[in-house]
Amino acid sequence: MGNLREGVYISDLRGNVLDANPAFLEMIGVGSLDDLKNITAYDLFVDPKQRERELELLAREGAVREFEFQIKRPDGRILTVLDTCSAIRDPAGDTIYHGILVDISDRKQSEERISHTASLLSTTLDSTADGILVVNNAGRTQTYNRKFLEMWRIPPEIAESHDDNLMLQHVLSQLRDPDGFLRRVRELYASPEAEAFDEIEFKDGRVFERYSAPQRLGGRPVGRVWSFRDVTERKTAELRLVHDAFHDGLTNLPNRALFMDLLGRSIGRARRRGDYNFALLFLDMDRFKVVNDSLGHLIGDQLLVAIARRLERCVRPGDTVARLGGDEFTILLDDIIDAGDATRVADRIQRELNLPFTISGQEVFTSASIGIALSATGYERPEELLRDADIAMYRAKAMGKARYEVFDLEMHARAVSQLQLETDLRHAIERDEFRVLYQPMISLDSGRIEGFEALVRWYHPTRGLVTPEEFVPIAEETGLILPIGRMVLREVCRQLAEWHQTFPSPLPLSVAVNLSAKQFRQPDLVDQVAHLLEVSEVSPVALRLEITESVIIDDAEGAVKMLARLRRLGVKLHLDDFGTGYSSLSYLHRFDMDALKIDRSFIAAMGDRGQNTEIVRAIISLARNLDMDVIAEGVERPEQLAILRSLGCEKVQGFLFSQPLAARDAAQLLREQPSF
Ligand code: C2E
Ligand code: CA
Ligand code: CA
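Only a predicted model underlies this, so the values are computations on that prediction, with no experimental measurement involved.

(A) Broad picture of the coordination of the calcium ion (ligand 3). Within the protein, the calcium ion (ligand 3) binds to Asp576 (OD), Asp577 (OD), Glu633 (OE) and Glu633 (OE); these donor distances fall in the range 2.2 to 2.5 Å. Along the chain, the residues donating to the calcium ion (ligand 3) are arranged with the sequence spacing D-D-x55-E. The metal-metal distance between the calcium ion (ligand 3) and the calcium ion (ligand 2) comes to 3.8 Å, with Asp576 coordinating both. Here Asp576 is found in strand β23 (residues 572-578), whereas its partner Glu633 is found in the loop between β25 (629-632) and α25 (638-647), with 57 residues between them in sequence. Its relative accessible area of 5% is what places Asp576 among the buried residues.

Listed below in structure tokens is the structure:
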């Protein structure tokens, strides 16, 4: 008993230690048995009451009992001991206690540490947003957290069954690719050291991130921890971002970026495979602005959506309909045999779009102009195809809208030269390449020049003379017509001032200046004209402005107001090219004009057949009824003049009298004509 590590003791009922081995003495921290005489067992216990209760229990029930208690050593150290104690009778018949003490302080501490860690672990497990499952190397479930059950929607009866197979079936039944999931799991069990990270897609659209790592004990993998995180929201947000970046918000069609990308792929395929052909259709709605302006943007937007849906119906599943923006759509026809396939689709689209749309209970009509570019032309870049389809679309517009045109090389040449012209036009103003010519208007009554029409000319450094027919439409489209028009007006005012000095007359010589649509719609047009007249000190009555019928008809309300303001200024107004526009003679009275200019096409056709003379006659009598002057343009032959005279036309203009002349030559004419 002397070399035992356990402390062995015998005590009486009051707790006095009667005998003990050295291990006991050492454990409780006293030197000898004698030292124990002075202390009772009660002095030793941290909680003497506990010791008392336990001994009473022991005395009552007999038997051997284990008590765990703490003792306080004289040096202050506290020990946790396990006392295996039994009550026995000594030879005298008294009850004494016999006990064996084991110091379990160390074990106690590590136990506490473990349970602390365990509780910490389970709290963390249950408070994490991840679902966690721990399995052993054989794949059997060891533990999981609440979140795991929630995320995988595992019903209590399955969880409580502890049937791994049932749980797995439940998991697999929710997945989009259960086989892939299983394959991955098996791979990981085959390599216990591996870590893995991937995504799991659910049939109902949820997405989990799955992370798997070995669970180690003493460095060796003993199982595997699977953790799952629900990333559905993040994924949907990501997908939406990607979708939005490549789709048009209104129609949900692919946008320009996506379309160009697809086009690029098709170009690549066409280059690799000689037998692969595709076509690009470029659609622009005709007069879409009118819909927006008259019915409002809301209806306009709804119409665009309805158009998108119809276009989708006109193509095959492999084709792509995209919206480039505004009222522009593009279609990629994939894998076609020849141009005929493309034009057939264009025909079908035109037929479909011709049917009325019903938007918010209103019938809306629309049509599209379509340009077609074919892959057979051999393109390198998507932009080139788009550009050519666009050129063809413009051609379709120019040819009368609601039709299609297939891009060809002649179109290309024309486009290139237009583009060049546009560039040159930008420089022409600063390089002072424009000149104003003057074509006389003759009064048949007096035979005298009653005024001139100013006609602009562009002397291009290499091309030579460029007529306004060629460059005015481009200038109009690019807005360059505004600076050009201002230049013409300024020059004309300067010239008028000079001529009024040189050729004074009671009725001052007049010059008519042409205004294009853009010029006429400038809000500050009246101020511009007023200012130029003022600085050149020219009377407003000497200036005439020529505006074509079509310019006025596009915006009748605005035109009526603008015309009134110009008239108040004192300038006179000519309605140009009369008869070529919409020719609605009925509303002519609404536009307060001073003179009508009969378009030269009517004059040219006159004389051959009586009918055309009738038109001119009608126009002249109409003008007279409205108290307007009439000027016949493009008079080239004496017989035309004779007819005009007989119809009572007062003023004429044309090559028969004079070509448009440089200012100096025009002045010469003025000098030569008979004075009053
Ligand atoms: P317009 O206003 O109808 O001008 C009359 C056109 O008829 C002029 O052509 C003139 O040279 C031409 N012409 C005159 N007499 C005859 C004839 O007997 N026979 C034939 N076949 N033609 C004749 P031009 O100068 O080429 O101008 C064409 C158009 O360009 C003008 O048509 C006008 O709309 C526009 N334009 C000319 N100058 C200007 C300008 O300074 N500003 C604006 N905005 N447009 C202008
Ligand atoms: Ca004119
Ligand atoms: Ca004209």
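(B) Inspection of the site of ligand 1 at higher detail. Surrounding ligand 1, one finds 21 residues, the nearest of these being Arg457, Gln519, Arg600, Glu636 and Phe655. Here a nitrogen atom of ligand 1 and a side-chain polar atom of Gln519 are 2.9 Å apart. When ligand 1 sits alone it has 800 Å² of accessible area, and the protein chains cover 86% of it. Among the secondary structure elements, those contributing two or more residues to the shell around ligand 1 are β19 (448-460), α17 (468-478) and β23. The dominant element in the shell around ligand 1, judged by the number of residues it contributes, is β19, at four residues.

(C) Representation of the pattern of salt bridges within the structure. Scanning the model with the defined rule gives 47 salt bridges in all. One salt bridge connects Asp204 with Arg206, and the closest N-O pair in it is separated by 3.1 Å. For Asp204, a relative accessible area of 46% puts it in the partly exposed group. Through salt bridges with shared partners, a single ionic network connects Glu199, Glu209, Arg234, Lys235 and Glu238.

(D) Representation of the sheet that holds strand β2 (residues 17-20) in the model. As summarised here, the arrangement of the five strands in space is β2-β1-β5-β4-β3, forming an open sheet in which the pairing is antiparallel. In the strand order of this sheet, the two ends are held by β2 and β3 (64-72), each with one partner. Adjacent strand axes in the sheet meet at a mean angle of 30°, parallel and antiparallel pairs treated alike. Pairing of strand β1 (residues 7-11) with β2 involves three bridges; the strand directions are antiparallel.

(E) Region of the structure containing the packing of helix α15 (residues 382-398) against helix α16 (residues 409-428). Their axes nearest at 10 Å, the elements α15 and α16 cross at an angle of 90°. Looking at the two axes, α15 sits roughly perpendicular to α16. Listed contacts from α16 to Arg387, Asp388, Ile391, Ala392 and Arg395 of α15 are Met411, His412, Arg414 and Ala415. Residue classes in the contact of α15 with α16 are distributed as four nonpolar, one polar and four charged.

Scoring rules and cut-offs
Residues numbered from 1 in each chain as written. Chains lettered and ligands numbered in written order. Predicted model: local features only at pLDDT ≥ 70, side-chain atom pairs only at ≥ 80, totals over all residues. Heavy atoms only, no water. Donors = N, O, S within 2.8 Å, 3.2 Å for Na, K, Ca; no water. Helix = DSSP H or I, 4+ residues; strand = E, 2+ residues; numbered from the N terminus. Buried < 20%, exposed > 50% of the residue type's maximum accessible area, 1.4 Å probe, protein only. Near = heavy atom within 4 Å. Polar contact = N/O pair within 3.5 Å; in protein donor to acceptor, adjacent residues only side chain to side chain. Areas by Shrake-Rupley, 256 points an atom, 1.4 Å probe, with all protein chains shown as cover. Salt bridge = Lys/Arg side-chain N within 4 Å of Asp/Glu carboxyl O. Pairing = 2+ DSSP bridges. Axes fitted to C-alpha atoms, helices over the stretch in contact; angles between N-to-C directions. Parallel < 35°, antiparallel > 145°, perpendicular 65-115°, else oblique. Contact = heavy atoms within 4.5 Å. Nonpolar A, V, L, I, M, F, W, Y, C, P; charged D, E, K, R; others polar.

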